[in-house]
Amino acid sequence: MAEILVLVEHVDGSVKKTALELLTLARSVGQPSAVFVGDGIDNAAATLAEYGAENIYVADAAELTGHVVAPKAELLAQLVAEKSPAAVLITSTAEGKEIAGRLAIKINSGVITDAVGISEDLVATQSIFGGSTIVHSKVTTGTPIITVRPNSAAPEAAPAAGNRADVTVALSEKATSAKIVDRVEQEKGARPELTEAAVVVSGGRGVGGAEGFEVIEKLADSLDAAVGASRAATDAGWYPHQYQVGQTGKTVSPQLYIANGISGAIQHRAGMQTSKTIVVVNKDPEAPIFELADYGVVGDLFAVVPQLSEEISKRKG
Amino acid sequence: MARLLLASNIGSSAVRWRGNPPKEVDRRMKIVVCVKQVPDTWSEKKLDPATKTLDRASVDGVMNELDEYAVEEALKIAEATSGEVTVLSMGPEQSTETIRKALSMGADAGIHVLDDALAGSDAVATSLAIATVLGDRGVDLIIFGSESTDARMSVVPAMVAERLGLPQLTFANKVEAPGDGTVKIHRLPDYGYDVVEASTPAVISVVEKINEPRYPSFKGIMAAKKKPVETVTVADAGIESAAVGLGAAWSEVAEFAAAPPRAAGTIVTDEGDGGVKIADYLSEQKFI
Ligand SMILES: Cc1cc2nc3c(=O)[nH]c(=O)nc-3n(C[C@H](O)[C@H](O)[C@H](O)COP(=O)(O)OP(=O)(O)OC[C@H]3O[C@@H](n4cnc5c(N)ncnc54)[C@H](O)[C@@H]3O)c2cc1C
Ligand SMILES: Nc1ncnc2c1ncn2[C@@H]1O[C@H](COP(=O)(O)O)[C@@H](O)[C@H]1O
């Protein structure tokens, strides 16, 4: 079966769910090999094998992670040359897309970004124009490079050999020209990451202020959800910018999206329209967000949302 | 100052004409900012059934909102280093509107990469055109927006850096480019950030929130009319026309369709039990 290279997202060897999603998707088009960059393989190897990695290529040289993007693209280019895989799959994060873009130029291959699905013959499904149009695209030149959005597949275990092989890469001078001299970490909090979360609870202008977001956070925590916000809310400084959902913020595609006090402007919809189930709370029955709702309540979010949080906690026991 | 390739007469040689220049003078940064004309985000976008690319004729074009931040950052750096800003846009005739907008904000000159052969170019071809046009102009910084709101790929800046062999400092929410041959950014401001350093020439992309783009002033709008805009064709730039445009795309849209409409949902009015009703629905759907 054709080999599919999967670039693994992880934090010090703790493998992200997105990597398991990619391994699962890769199995439907060929035989996945994980590409693991950085430290921590001893923590990661068992999980990668459990989810179907036949091979695990490990590259832990410090220059690979100490410089912006280019070294990872060089590593992948080397692996593509050595292994002649049928495709390369990368998670659609900001950095993942950049790696894919540079790799495409290096190996003279086409690249497709933000796929939400991949069929057996490597045709990628994309949802564009804010979810209004579904596109099926194919790479026609070289080795297909496809970046896949988080939540595009449900991870399924399928144990494989997980043969480890160390990879050394001789990086060019150009690849190490943008040096990461410091990494400033900020408290991330206990909530799941916005783009990866299975449930997202969002607040908009209707939340009325920074304090209002406590109500939203409480609901989010009752569902182990991430918190999102409309641009009206982030622009007003009620919630940090990195939580903005929409055209100029994050694109999310969770199993469940709960929009509270959000009108549903086209630019907001662009970032959440592909959510599987959408629940809306808004006091204006004419708000366009109701067009997307699987279930909607016309009402004051300050009455409805706390009641909902309480009810969920009750039912969860 | 190290430059990409010294084809231009503006640069370190300018320092010598002035006798004993004040320090700022030899810090003059030569900046190019890349901007794209895109359909207004408020408009409904469609694919053209014949070419399966964006139907640009049927919608109003505006400067990609995310590129306004790139223009603003370029102007700020230029102001601090007595530098100059050239705005580059690749796109059909109407893209001159977007170039004029950048000029009215304060950019000094424009380059319009305009050729029918470019129509339908994918990111790979777009990056080739931009890199080829800029490759020999002696630029210190090439500044991009973080994403075009129509293609939404966020790859052109990385691809241009790759093609030109320049350091990539992308997704910046802070840029320090004092004109001493170094550049430093804060990258990807999610749960913290990376501090990234490189020497110029370099490629930068900026995220919104890095600054507040200025509005063109009346004076700026009048001045823009007299600023030079150079039109560059594929032949002028020495790009093989077979390497760009729809025919050269390395990926293709096989088919497309309107997304199936969402099944109409259940909408109820809160009568004091709205929260309970949602909980019932979530239980039914097995979310609780
Ligand atoms: C180029 C561009 C890019 C943009 N990018 C984004 C983006 O990425 N993300 C984004 O979100 N927006 C984006 N916008 C902005 C977008 O157009 C809207 O302005 C924004 O989404 C509105 O946010 P909102 O729905 O929270 O506010 P509003 O439109 O003001 O809606 C607030 C809603 O809250 C309801 N409400 C008020 N009080 C209550 C209450 N007590 N209980 C229940 N409901 C209540 C109201 O009925 C109303 O429907 C962009 C705009 C442009 C031009
Ligand atoms: N046709 C173009 N002309 C000039 N700049 C462009 C063009 N296409 C993309 N860009 C630049 O590249 C950035 C990223 O675009 P994209 O990769 O398409 O999301 C944009 O914000 C622009 O700065």
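Conventions and cut-offs
Residues numbered from 1 in each chain as written. Chains lettered and ligands numbered in written order. Predicted model: local features only at pLDDT ≥ 70, side-chain atom pairs only at ≥ 80, totals over all residues. Heavy atoms only, no water. Helix = DSSP H or I, 4+ residues; strand = E, 2+ residues; numbered from the N terminus. Rg over C-alpha atoms; globule rule 2.2 N^0.38 Å. Buried < 20%, exposed > 50% of the residue type's maximum accessible area, 1.4 Å probe, protein only. Contact = heavy atoms within 4.5 Å. Areas by Shrake-Rupley, 256 points an atom, 1.4 Å probe, with all protein chains shown as cover. Lys, Arg positive; Asp, Glu negative; His and termini not counted. Charge placed at Lys NZ, Arg CZ, Asp CG, Glu CD. Near = heavy atom within 4 Å. Polar contact = N/O pair within 3.5 Å; in protein donor to acceptor, adjacent residues only side chain to side chain. Pairing = 2+ DSSP bridges. Axes fitted to C-alpha atoms, helices over the stretch in contact; angles between N-to-C directions. Parallel < 35°, antiparallel > 145°, perpendicular 65-115°, else oblique. Left-handed = near helix turned anticlockwise from the far one by under 90°. Nonpolar A, V, L, I, M, F, W, Y, C, P; charged D, E, K, R; others polar.

> What exactly am I supposed to notice about the overall build of chain A here?
On a plain count of helices and strands, chain A comes out with 9 helices and 17 strands. The globule rule puts the C-alpha radius of gyration for 317 residues at 20 Å, and the 21 Å found for chain A is close to it. In terms of overall dimensions, chain A has C-alpha extents of about 60 × 40 × 40 Å along its principal axes. Looking at the 317 residues of chain A, the share that counts as buried comes to 61%.

> Would you explain the overall build of chain B in this entry?
Of the regular secondary structure elements, chain B holds 8 helices and 13 strands. Dimensions of chain B along its principal axes, counting C-alpha atoms only, are 80 × 45 × 40 Å. The burial tally for chain B puts 52% of its 288 residues in the buried class. A separation of at least 24 residues holds for 71% of the contacts in chain B among residues at least 6 apart in sequence. Of the roughly 12,700 Å² of accessible surface on chain B, 52% is carried by carbon and sulfur atoms. Within chain B, one finds 30 positive and 42 negative side-chain charges whose respective centroids are separated by 7 Å.

> For this particular structure, what's the right way to read the site of ligand 2?
Residue and element names in this part refer to chain B. Around ligand 2, the surrounding shell holds 20 residues, and the nearest of these are C34, D67, M90, S148 and S154. One of the backbone nitrogen or oxygen atoms of C34 is found 2.7 Å away from an oxygen atom of ligand 2. Interatomic distance of 2.8 Å between a backbone N/O atom of M90 and a nitrogen atom of ligand 2. Protein contact buries 98% of the 480 Å² of open area that ligand 2 shows by itself. Mapped onto the shell around ligand 2, the elements with two or more residues apiece are strand 4 (84-90), helix 4 (123-134), strand 6 (141-145) and helix 5 (156-164). Among the elements that make up the shell around ligand 2, the one with the highest residue count is strand 4 (3 residues).

> Just to check I follow, could you spell out the sheet that holds strand 9 (residues 133-139) of chain A for this structure?
Strand pairing within a sheet occurs via backbone hydrogen bonds; the two strands may be parallel or antiparallel. The 10 strands lie next to each other as 11(A)-5(A)-4(A)-1(A)-6(A)-10(A)-7(A)-8(A)-9(A)-12(B), forming an open sheet whose pairing is mixed. Either end of the sheet is taken by a strand with one partner, and the two such strands are strand 11 (163-166) of chain A together with strand 12 (251-258) of chain B. On average, each strand axis in the sheet is tilted by 35° relative to the strand beside it, whichever way the strands run. Two elements, strand 1 (residues 3-7) of chain A and strand 4 (residues 31-37) of chain A, share 5 bridges in a ladder whose sense is parallel.

> Please explain the packing of helix 5 (residues 94-107) of chain A against helix 5 of chain B as it appears in this structure.
Axis angle and axis distance: for two packed helices, these are the angle between their axes and the distance between the axes, and together they describe the pair. Running from amino to carboxyl end, helix 5 of chain A crosses helix 5 of chain B at an angle of 40°, the nearest separation of the two axes being 8 Å. Viewed along their axes, helix 5 of chain A and helix 5 of chain B adopt a mutual orientation that is oblique. The handedness of the crossing between helix 5 of chain A and helix 5 of chain B comes out as right-handed. Residues A:E98, A:G101, A:R102, A:A104, A:I105 and A:K106 of helix 5 of chain A touch helix 5 of chain B, and the partners they reach there are B:A158, B:M159, B:A161, B:E162 and B:R163.

> Explanation requested: the sheet that holds strand 9 (residues 192-199) of chain B in the structure shown.
Pairing in this open sheet of 10 strands is mixed, and the strands run 12(A)-9(B)-8(B)-7(B)-10(B)-6(B)-1(B)-4(B)-5(B)-11(B) from one edge to the other. Bordering the open sheet on either side are strand 12 (179-185) of chain A together with strand 11 (229-232) of chain B, each of which pairs with just one other strand. Recorded for the sheet is a direction-independent mean angle of 35° between the axes of neighbouring strands. Running at roughly 145° to strand 4 of chain B, helix 4 of chain B makes contact with strand 1 (30-34), strand 4, strand 5 (109-113), strand 6 and strand 11 of chain B of the sheet. Each of strand 6, strand 7 (168-176) and strand 10 (202-206) of chain B is contacted by helix 5 of chain B, which is oriented at about 155° to strand 6 of chain B, the strand it contacts most.

> Any chance you could explain unusual backbone geometry here in plain terms?
Residue and element names in this part refer to chain B. Along the chain, T200 connects to P201 via a cis peptide bond; the corresponding omega equals 0°. Following the sequence through the fold, P201 ends up in the loop between strand 9 and strand 10. Look at R152: it is not a glycine, yet its phi comes out positive at around 55°. Position of R152 relative to the elements: it lies in the loop between strand 6 and helix 5. Look at R152 and you get buried, because its relative accessible area is 15%. Despite not being glycine, K209 shows a phi value in the positive range, around 85°. Topologically, K209 is positioned in the loop between strand 10 and helix 6 (218-224).

> How should the packing of helix 2 (residues 65-81) of chain B against helix 3 (residues 95-105) of chain B be read in this particular structure?
Residues and elements named next belong to chain B. Contact pair helix 2 / helix 3: the axes reach a minimum separation of 10 Å and the direction vectors enclose 35°. Seen from above, helix 2 lies across helix 3 with right-handed handedness. Across the interface between the two elements, E68, V71 and L75 from helix 2 touch K101, A102 and M105 from helix 3. Grouping the amino acids of the contact of helix 2 with helix 3 by side-chain chemistry returns 4 nonpolar, no polar and 2 charged.

> How do you make sense of the environment of A:H10 when you look at a structure like this?
All names here are of chain A. Position of H10 relative to the elements: it lies in strand 2 (residues 10-11). For H10, a relative accessible area of 18% puts it in the buried group. Residues H10 and A44, 34 residues apart in the sequence, show an inter-C-alpha distance of 8.3 Å. Ignoring sequence-local partners within four residues, the contact set of H10 consists of V15, K16, F36, V37 and D39. Of the polar contacts made by the side chain of H10, one reaches the backbone nitrogen of G13; its length is 2.9 Å. Polar side-chain contacts of H10 include one of 2.7 Å to the backbone oxygen of V37.

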